[in-house]
Amino acid sequence: MSRLRELIEELCPDGVEYRKLGEIGTLIRGKRFVKNDFIEVGVPAIHYGELYTHYGISASEVKTHIRSEIALKMRYAQPNDIVIVGAGETIEDIGIGVAWLGKRAVAVHDACYIFHHELNPVFISYILRTEAYHRQLKKYITTGKISSISANGIGQAIIPVPPLPIQNEIVKLLDNFTELTAELTAELTAELVLRKKQYNFYRDSLLNFDQNDRDVEWKTIGMIGDVTKLAGFEFTKYVTYVETGKIIALRGLNVKGKLDLTDVKYLDGSDLTKLERSKLYKDDILFTYVGTVGQVALVDCDDKYYLAPNVARIRLDKEVVDPAYIRYFFQTEYFMRKQIEKYAKTSSMKNLTMENIRKFQVPIPPLEVQAKIVSILDRFDTLCNDLSLGLPAEIAARRKQYEYYRDT
């Protein structure tokens, strides 16, 4: 019998008690500070965004410090308190907590709550990552430009409260499992980084054509396709974003080598009869021309997408060139260095004009050669990036295994 099972049978023969967070501790909201208040050496502070980007289950040191005159107005988490995020961009960000295990008090941002209690803080912090806990919070979360929850809402969550020896044993088990999982994930991630470097080298080698090769023609994008964008007046007059629907506006954040649809806006309330020019079809290439210039993606179906601002649409003559082949060429180091850097202008942000994009020169081997290159790179790309295969799948499986074990 495991030590945990022995403790449960000894200390909880009739089952474990469940209580609301608001009954076992107090929740106090932090106070606001901004980036202008940051300094390299000052009063330690925790900003709400750091809870789901920087910290894990617990923290004993902080990376943020604020000016002492601001610190006088702040509220502080004491050692062993838990800092719980109360606002974020998504519902999933809400309620994540980190146990503060430092030796001194730390100032807390007003999008967080300080939870003062007398339990094992790491035990509580682990609970704040579980699906069962987050499922309870959803009905108390308000959504809009940001998602948020009140102290009363967090306080309604019901959690198991076993005796302290059981809490300590669970923390010991989960700390060991967390460490082992982190080590394995780090090894797999390092291997994935090397695979991607190998893939990039292989892709660039396959698409490195001699300018004097007689079997390869060099043509401009303007010679083999049509390039356009969503005009400002079209966006202002005819586009209305909504949160749900069927017609997706593809923005720059959706263009990341492939379509990324984790964060989308819909156009179902727009006057689509006025937006025919920005309607997208299968095999159209998307190209970001403002800010993060040069990200590409291939449209995968008809009647589902329209252009949003800051993304160009390239529609190629498929009797001459395979759009998938051009997508891969646009990702090469040669193209980024020799062509994008040549035409990109720097003002308030890097950008390209449609005329610049039409001037891009691309190598055009026979279609059968293009198809072979695409087939090879598709397989390699899948092994490196597909979440259902290879190393990404192994990393995802380890993460799911860890979450299942923690929640259980």
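Please refer to the structure placed before this passage.
Definitions and cut-offs
- Residues numbered from 1 in each chain as written.
- Predicted model: local features only at pLDDT ≥ 70, side-chain atom pairs only at ≥ 80, totals over all residues.
- Heavy atoms only, no water.
- Helix = DSSP H or I, 4+ residues; strand = E, 2+ residues; numbered from the N terminus.
- Buried < 20%, exposed > 50% of the residue type's maximum accessible area, 1.4 Å probe, protein only.
- Contact = heavy atoms within 4.5 Å.
- Areas by Shrake-Rupley, 256 points an atom, 1.4 Å probe, with all protein chains shown as cover.
- Lys, Arg positive; Asp, Glu negative; His and termini not counted.
- Charge placed at Lys NZ, Arg CZ, Asp CG, Glu CD.
- Polar contact = N/O pair within 3.5 Å; in protein donor to acceptor, adjacent residues only side chain to side chain.
- Pairing = 2+ DSSP bridges.
- Salt bridge = Lys/Arg side-chain N within 4 Å of Asp/Glu carboxyl O.

*Asks:* Can you help me understand the overall build of the chain in this one?
*Replies:* The secondary structure content of the chain amounts to 14 helices and 26 strands. Dimensions of the chain, computed from the C-alpha atoms along their principal axes, are close to 80 × 50 × 45 Å. Expressed as a percentage of the 408 residues in the chain, the buried residues total 45%. Contacts in the chain between residues far apart in sequence, at least 24 positions, make up 75% of those at least 6 positions apart. Carbon and sulfur atoms form 51% of the exposed surface of the chain, whose accessible area is close to 22,000 Å². The average position of the 55 basic charges and that of the 55 acidic charges among the side chains of the chain differ by 5 Å.

*Asks:* Which parts of the structure should I look at to understand helix α10 (residues 323–330)?
*Replies:* Given 3.6 residues to a turn, an α-helix orients residues that are three or four positions apart in the same direction. Summarising burial for α10: eight of the eight residues are buried, a large majority. Where α10 is concerned, the buried positions are P323, A324, Y325, I326, R327, Y328, F329 and F330. N-capping of α10 is provided by D322, with a side-chain oxygen placed 2.9 Å from the backbone N of A324.

*Asks:* For this particular structure, what's the right way to read the sheet that holds strand β10 (residues 106–108)?
*Replies:* Ordered in space as β5-β3-β10-β6, the four strands form an open sheet in which the pairing is mixed. Each edge of the open sheet carries a strand with a single partner, namely β5 (64–66) and β6 (76–77). As defined by bridge partners, strand β3 (residues 38–46) adjoins β5 across four bridges and the pair is classed as antiparallel. Across the sheet, the residue bridging to V43 is I66, located in β5.

*Asks:* Quick question: what am I supposed to make of the pattern of salt bridges here?
*Replies:* It is possible for side chains bearing opposite charge to pair when their charged atoms get close. Tallied over the full model, the rule gives 22 salt bridges. A salt bridge links D226 to R313; its shortest N-O distance comes to 2.7 Å. Note that D226 is positioned in strand β15 (residues 225–229) and R313 in strand β23 (residues 311–316), a separation of 87 residues in sequence. By relative accessible area, R313 is classed as buried at 5%. Between E333 and R337 there is a salt bridge, with its nearest N and O atoms 2.8 Å apart. Of this pair, E333 and R337 both sit in helix α11 (residues 333–343), four residues apart, which is roughly one turn of the helix. Under the relative-accessibility criterion, E333 is labelled partly exposed at 40%. Taking relative accessible area as the criterion, R337 reaches 39% and is therefore assigned partly exposed.

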